[in-house]
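Chain residues, written in single-letter form:
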Amino acid sequence: MCSGESGTWLEGMESKQSVELWSVRRTYRAAAREMRALDGVTTGFEAGTFTAVMGPSGSGKSTLLHCAAGLDRPTEGKVVIDGTDLGTLDETGLTLLRRERVGFVFQAFNLVSALTAEQNVFLPLRLAGKPVAPEEIRTALAEVGLADRGGHRPSRLSGGEQQRVAIARALITRPAVLFADEPTGALDTKTSRHVLRLLRDLVDRRRQTVIMVTHDPVAASYADRVLFLADGRIVDELVGRAGAEEVSARMTSLEARAC
Amino acid sequence: MLRGGVGLSLGLATVRERWTAFAGSFAALFLGAILVSATSTALLSAGPRLPDRLAGAQVLVTVPAVERPEGNFSPDRPWSPEQVVALQDRLAAIPGVERAVPDRSLYAQPVVDGVPVEDHRGHAWSSAALAPYRLVSGTEPRQAGQVALDRSLGRKPGTRVTVLTARGPAEYTVSGTVDGPGVYLSDGEAARLAGGVRLIGLLLAPGTDVAAVDSAARTAIGHDGRVFSGRARVAAEPLEDARIRWVGMQALTAMSILAASSAVFVTASAFAFGVAWRRQEFGLLRAVGATPRQVRASVYGEALAVGVVASAAGTALGAVLAPVLGDLLVALGFQPSGFTVRVRAWSLAGCFLVGIAVALLGAWSASRRAGRVSPLEALREAAADERPIPLSRKIAGGLLCVLGLAGAAVTATAGGNELVSFGLFTAAALICGLALLAPLIAPPVVRLATWPLGRLRGATGMIVRESALASVRRTASTAAPVLITVGFAVLVTGMTATTAASFDAARASVIRAESVVLPDGVAGLSDAAAGVGGAWSTLPTALYRVNGEAVPALGAERDHLLAAGLKPSQGSLEDFGGNNIVVKPWVAQQGWGLGQVVPVGFEDGCTVSLKVAAVVDDLPNSVLVPRDLVRAHDPSALAEEAFILGKAPDAVPGGLGTRIVAAEDYARVMSDEDDRLTWIFTVLLVAVSAGYTGVAIATTLMTAAAGRARDLVVLRLSGATAGQALRTVAVESVLVVVLGTLLGLAVAIPTLLGMRAGLAEQLSAPVPLVLPVPLILVVIGFCLLLAAGAAVFTARRAVRSQTDRSGD
Ligand SMILES: Nc1ncnc2c1ncn2[C@@H]1O[C@H](COP(=O)(O)OP(=O)(O)OP(=O)(O)O)[C@@H](O)[C@H]1O
Ligand SMILES: [Mg+2]
């Protein structure tokens, strides 16, 4: 219904797209009924921008993120990351692409509990068989303000600290895109501001592409663009940095429409 | 260190951090390595051994051997007395041979202080030179009535000593003492009392070329015997030692295979649980860029880390324990005395590698499963398992069960050795089939077993019932090791007990006597002992066909045969006696038919023409020969038991080494003695396997309980006391054991019923199904204790930590 709005970016294709979704549909079979978690989403995420994805619970935000990041395969449609069509890759190819071009931060359970913070951070490099320079790890941890916690295991880190270690890990491979699913969902206001500023900083300083799912209008106000999802479709979009009140108002009207 | 090898180093890190999760696989591998290294070390040490008493003869000449099937230890036909003399002459003529000494052995058991001594082997004095044993004091026995004894018996030359012989007790004068075991008679007397000669030892002059004598001896005897020198002389090992060794080999091989295969099974189940428990972690690894291959490699890395440590420790401990096992085997009669364990470095290295291979093999399917975890599983709640049971699994399980039941039916009609093979096949098919179908069978059984729990007022029952039903797969797979433990215990003990009972049934049906004379501390009943109180007995011996093949036979008396009421199918028992014999139908079919006169070799090497007087179906042995004929040709033959038809004499004459038991106790006494070894072995087998699967039970329950820590915390938060939460866990594990026990019985009972039917048909007598209930209850109790203990132990931590947190 709002595809006209979401199609606006198609005209100005000259700027580079980090991630493109073409008519992506993802359905689940539950109790012999077909459940459309994503119902034909077409959109793109420009390099060096910060996008927030919002919407009511069950609207398909996480599904969108998983499909865009190559964690899950769409039932129909096409996903392109950094110029590569994911549909052409096999499981290993997809893994390699994820390892090299994509970083993730989940809401919880981000770290391998058997490994120290440091080991968790360089895990993707180890998996890729790349040499790891110790100062690189230290810099990465210092960037998220945890320079002195490298030797600690996750069980000795707070939720916010774990989240920041996860961000450091997600960035260690210099990915084309960073995906975050409610990264501040479990954090208090102060810690979540810290994490959000960190993300914003990455976009501004390193021209990092960031796509973040959130329920929090304040978190969304750190983004350059806000996508609104309902029933598996993109129903609205705010372009340019918006205030938390504006985002909040859009959400409220969205929820009202849904009722 | 920072580059490459992610699999191994990630595996190592995980093992270091989560050693508890690997305790199960470690224990399984450790125990397995101990068993494999101890048993294989013993197995490799168990070669044939040259008896000490022949060690001094550098060349041994033995009778020709007939081809025997595996596990058959019937004796070889001895040389005839004339042959012995001729061979002795020919061998003594070889240059370098000082003497050719025929080895004559007989039954002679000295009685010291009223008690028969253990060693009952008598020899001709000349054979003492084969060891050589030398006189320590006195003189050699030169004439009948003189004896030289082992000095450790403490008899002085010139004193009198009673020696039990096959005829009865006899008085001897000690002529001298020797520095080795045995009883030595004068050559003349020994030649009369001993059976035939099967071995001639050559004593060489110092400095003689052994190889030259060896080949000269071969030429000298041609086809009349075999020649051994050097290490090859172990072929002269006594038949009884060879038989014991063979039995021991079977036992050890079975134990090694059992140890290795249960190690694979237990390790596999431990790793499978570890993987199921850590799906989220594997999902995370996949999400951050680990390929399925790398995930698999990390599981193998864990297996390798655990395998190296457990295998090294277990192998080392096994090597230390091997000599203890060796002594145990000798004590149990699984190895001849004199057996010593030698620890070899290369066999230990082999065991170490086997241990690692077992670890990797055990991790194989777990690693495949880990590799299939999708990256999205990092985000999901630990899933209650709702995956349906694949059709292929249902079909495979169903087929195996049908195959198992068919096996039971076939067992019912099988005979002999096939009976056991079919029985094992049945059990194996049923175990695999039920393990596959367990998730299908579990829900109705759980529902039935927990029905009363659901009615109870408390919450425990409801929670237990619902959670067991919700995770059918978890319930089924935790029940699997119990299934195997109980199934195996019931099967093996039931098999042994039922087989023993069938022999009792067969034996009891033969006896019509009031009481039975049995040997007491002696090798067998002498003629004097067997005749106590008018008892009658049979003399076991061997006959030899012209081709050298041995036929077991019994010496019997006609009156007793007639009294026993045996019905000949051909001929008449009246004609038994003299040179007339009675045979079983299978012997008649092999050329010894009714009325035929056949040349038959006896234990003393003589050949006598015997005539078949009757063919009887239910003969106690293949051939019956008149007793006095046996005695004449087998002077050392001893009866195993004697039957008294009338009233037992009030007093037994002393010094004969006998005791008299009532007929009704006889079957039990005999089976006690016969089956003691088998029973010990069975219990050992059950203990080892239960110890093993016990590890699997503990691991699976610990892992299952750990996986449910979150549920327990929620339970506690919703108001359950710590006690209630733990009780839930305990009851749940009891439920799992009940389920496993029922499935185990479902495996064992059909198999046993099939075997019983087979035995009954074989013996044409009803055979009871005997289940050693106390032992089985012990095994079930052990499972219960272990399961509940492991689960509660693990859950306590979750419950405790919750209490701690809510406390502050
Ligand atoms: N594995 C699955 N099987 C079946 N249905 C699923 C599965 N995963 C998601 N769904 C369904 O797809 C829809 C979208 O789910 P999704 O997780 O994307 O929602 P969401 O917008 O992230 O919600 P929330 O804000 O609550 O996290 C939901 O209705 C959900 O029930
Ligand atoms: Mg979501």
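Cut-offs and rules
- Residues numbered from 1 in each chain as written.
- Chains lettered and ligands numbered in written order.
- Predicted model: local features only at pLDDT ≥ 70, side-chain atom pairs only at ≥ 80, totals over all residues.
- Heavy atoms only, no water.
- Helix = DSSP H or I, 4+ residues; strand = E, 2+ residues; numbered from the N terminus.
- Buried < 20%, exposed > 50% of the residue type's maximum accessible area, 1.4 Å probe, protein only.
- Contact = heavy atoms within 4.5 Å.
- Areas by Shrake-Rupley, 256 points an atom, 1.4 Å probe, with all protein chains shown as cover.
- Salt bridge = Lys/Arg side-chain N within 4 Å of Asp/Glu carboxyl O.
- Axes fitted to C-alpha atoms, helices over the stretch in contact; angles between N-to-C directions.
- Parallel < 35°, antiparallel > 145°, perpendicular 65-115°, else oblique.
- Left-handed = near helix turned anticlockwise from the far one by under 90°.
- Nonpolar A, V, L, I, M, F, W, Y, C, P; charged D, E, K, R; others polar.
- Core = buried A, V, L, I, M, F, W, Y, C linked by side-chain atoms within 4.5 Å.
- pLDDT = per-residue confidence, 0-100.
- Patch = residues over 30% accessible without salt bridge, like charges linked within 9 Å, V, L, I, M, F, W, Y side chains within 5 Å.
- Lys, Arg positive; Asp, Glu negative; His and termini not counted.
- Charge placed at Lys NZ, Arg CZ, Asp CG, Glu CD.
- Polar contact = N/O pair within 3.5 Å; in protein donor to acceptor, adjacent residues only side chain to side chain.
- Near = heavy atom within 4 Å.
- Arc of directions from axis to C-beta.
- Expected span 1.5 Å × (residues − 1).
- Bend = angle between axes of the 7 residues up to and from the residue.
- Phe/Tyr/Trp six-rings, centres within 6.5 Å; stacked < 30°, edge-to-face > 60°.

A.B. asks: How should I be thinking about the overall build of chain B in this particular structure?
C.D. replies: Summing up its helical and strand segments, chain B has 21 helices and 24 strands in all. Counting the 808 residues in chain B, one finds 51% classified as buried. When contacts within chain B are restricted to residue pairs at least 6 apart in sequence, those whose partners lie at least 24 apart make up 81%. Carbon together with sulfur atoms contributes 61% to the accessible area of chain B, which is approximately 35000 Å² in total.

A.B. asks: What am I meant to see in the pattern of salt bridges here?
C.D. replies: Side chains that differ in charge, positive against negative, can pair when their charged atoms come close. Residue and element names in this part refer to chain A. By the definition in use, this model includes 24 salt bridges over all chains. Arg250 is the salt-bridge partner of Asp236, the closest N and O atoms lying 3.0 Å from each other. Of this pair, Asp236 sits in strand β10 (residues 233-239) while Arg250 is found in helix α10 (residues 244-258), placing the two residues 14 residues apart along the sequence. Connected through salt bridges with shared partners, the residues Arg25, Arg36, Asp39, Glu76 and Arg233 form a single ionic network.

A.B. asks: Please clarify how the packing of helix α5 (residues 117-128) of chain A against helix α7 (residues 159-171) of chain A should be interpreted in this entry.
C.D. replies: Residues and elements named next belong to chain A. Packing of α5 against α7 brings their axes to within 7 Å, and their N-to-C directions diverge by 30°. In terms of orientation, α5 and α7 fall into the roughly parallel class. Relative to α7, α5 is oriented so that their crossing is right-handed. Contact with α5, carried on its side by Ala117, Asn120, Val121 and Pro124, involves Val165, Ala168 and Arg169 of α7 and no other residues of that element. A breakdown of the residues in the contact of α5 with α7 according to their chemical character gives 5 nonpolar, 1 polar and 1 charged.

A.B. asks: Explain the nonpolar core to me, please; I cannot follow it from the model alone.
C.D. replies: Soluble globular proteins tend to bury their nonpolar side chains together. Core analysis: the biggest nonpolar cluster contains 62 residues, and A:Val19, A:Leu21, A:Ile81, A:Phe179, A:Ile211 and B:Phe282 have the highest contact counts within it. Ignoring anything within four residues of it in the chain, the contact list for A:Phe179 reads A:Val19, A:Leu65, A:Ala68, A:Ala69, A:Val102, A:Gly103, A:Phe104, A:Val105 and A:Ile211. In this structure, A:Leu157, A:Ile167, A:Ala168 and A:Leu196 belong to the second largest nonpolar core, which totals 47 residues.

A.B. asks: Whenever I open this one, the confidence of the model for chain A confuses me. Can you help?
C.D. replies: Reading predicted coordinates in detail is not appropriate for stretches of low pLDDT. With 92% of its residues at a pLDDT of 70 or more, chain A shows a mean pLDDT of 83. Segment residues 1-14 of chain A is flagged for pLDDT under 50; beyond a separation of four residues in sequence, or across chains, it makes 15 contacts in the model.

A.B. asks: Explanation requested: the packing of helix α8 (residues 292-332) of chain B against helix α9 (residues 345-371) of chain B in the structure shown.
C.D. replies: The packing of two helices is summarised by the inter-axis angle and the distance between the axes. All names here are of chain B. Where α8 contacts α9, the two axes come as close as 7 Å, and the packing angle between them is 150°. For the element pair α8 / α9, the angle class is roughly antiparallel. Read as a crossing pair, α8 and α9 show a hand that is right-handed. Broken down by class, the residue content of the contact of α8 with α9 amounts to 18 nonpolar, 6 polar and 2 charged.

A.B. asks: I keep staring at a positive patch on the surface and nothing clicks. Help me out?
C.D. replies: Residues and elements named next belong to chain B. A grouping of Arg293, Arg296, Arg368, Arg369 and Arg372 is seen on the molecular surface, where their side chains present a positively charged patch. When residues of the positive patch are traced back to their parent elements, those giving at least two are α8 and α9. Note that Arg368 resides in helix α9.

A.B. asks: Help me out: how do you make sense of the side chain of A:Gln208 in this one?
C.D. replies: Residue and element names in this part refer to chain A. Following the sequence through the fold, Gln208 ends up in the loop between α8 (189-206) and β8 (209-213). A distance of 3.2 Å separates a polar side-chain atom of Gln208 from the backbone oxygen of Pro175. Residue contacts for Gln208: discarding those within four places in its chain leaves Gly48, Thr49, Leu171, Pro175, Ala176, Val177, Leu178, Leu202 and Val203.

A.B. asks: Sorry if this is basic, but what is going on with unusual backbone geometry here?
C.D. replies: The omega torsion across B:Ala131 and B:Pro132 is -10°, close enough to zero to call that bond cis. For B:Pro132, the position within the fold is in the loop between β6 (121-124) and β7 (135-138). A positive phi is found at A:Asp82, a non-glycine position, where the angle reads about 50°. Here A:Asp82 lies in the loop between β4 (76-81) and β5 (84-85). With a relative accessible area of 27%, A:Asp82 lands in the partly exposed category. One non-glycine residue, B:Asp113, lies in the positive phi region at around 55°. Position of B:Asp113 among the secondary structure elements: in the loop between β4 (109-112) and β5 (115-116). Since its relative accessible area comes to 69%, B:Asp113 is described here as exposed.

A.B. asks: Looking at this structure, how should I read the site of ligand 1?
C.D. replies: Residue and element names in this part refer to chain A. Surveying the vicinity of ligand 1 reveals 13 residues, the closest of which are Ser57, Gly58, Lys61, Ser62 and Thr63. Between an oxygen atom of ligand 1 and a main-chain N or O atom of Ser59, the distance comes to 3.2 Å. With respect to ligand 1, the side chain of Thr63 contributes an N or O atom lying 2.5 Å from an oxygen atom. Calculation on ligand 1 without its partners gives an accessible area of 630 Å², and the protein chains cover 65% of this total.

A.B. asks: Before we go on, may I ask you to explain helix α6 (residues 134-143) of chain A in this structure?
C.D. replies: Owing to its 3.6 residues per turn, the α-helix aligns residues three or four sequence positions apart on the same side. All names here are of chain A. Among the residues making up α6, those that are buried are Ile137, Ala140 and Leu141. Buried residues along α6 cover an arc of 95° about the axis, so they all sit on one side. Buried residues in α6 make contact with α5 and α7. Count one or two residues on from α6 and you reach Gly145, which has phi positive near 75°.

A.B. asks: Sorry, what's going on with α8(B) here?
C.D. replies: Residues and elements named next belong to chain B. Along its 41 residues, α8 runs just 52 Å from first to last C-alpha, ending more than 12% under the 60 Å computed at 1.5 Å per residue. A bend of about 40° at Leu321 is the largest found in α8, and the proline Pro323 appears one to four places after it. Just beyond α8, the residue with positive phi is Gly333, at close to 85°.

A.B. asks: What am I meant to see in the packing of aromatic side chains here?
C.D. replies: The geometry of an aromatic ring pair is captured by the separation of the ring centres together with the interplanar angle, meaning the angle of the planes. Residue and element names in this part refer to chain B. Tallied over the entire structure, the rule returns 4 aromatic pairs over all chains. Ring plane angle 85° and centroid distance 5.9 Å describe the contact between Trp125 and Tyr184, whose orientation is recorded as edge-to-face. Placement of the pair is Trp125 in the loop between β6 and β7 and Tyr184 in strand β11 (residues 183-185), with a sequence separation of 59 residues. In terms of burial, Trp125 and Tyr184 fall into one category: buried.

A.B. asks: Explanation requested: the environment of B:Ala706 in the structure shown.
C.D. replies: Residue and element names in this part refer to chain B. You can see Ala706 is positioned in helix α18 (residues 663-707). Considered as a pair, Ala706 and Ala791 are 85 residues apart in the sequence and their alpha carbons are 8.2 Å apart. Setting aside residues up to four positions removed in sequence, Ala706 forms contacts with Trp277 and Thr794.

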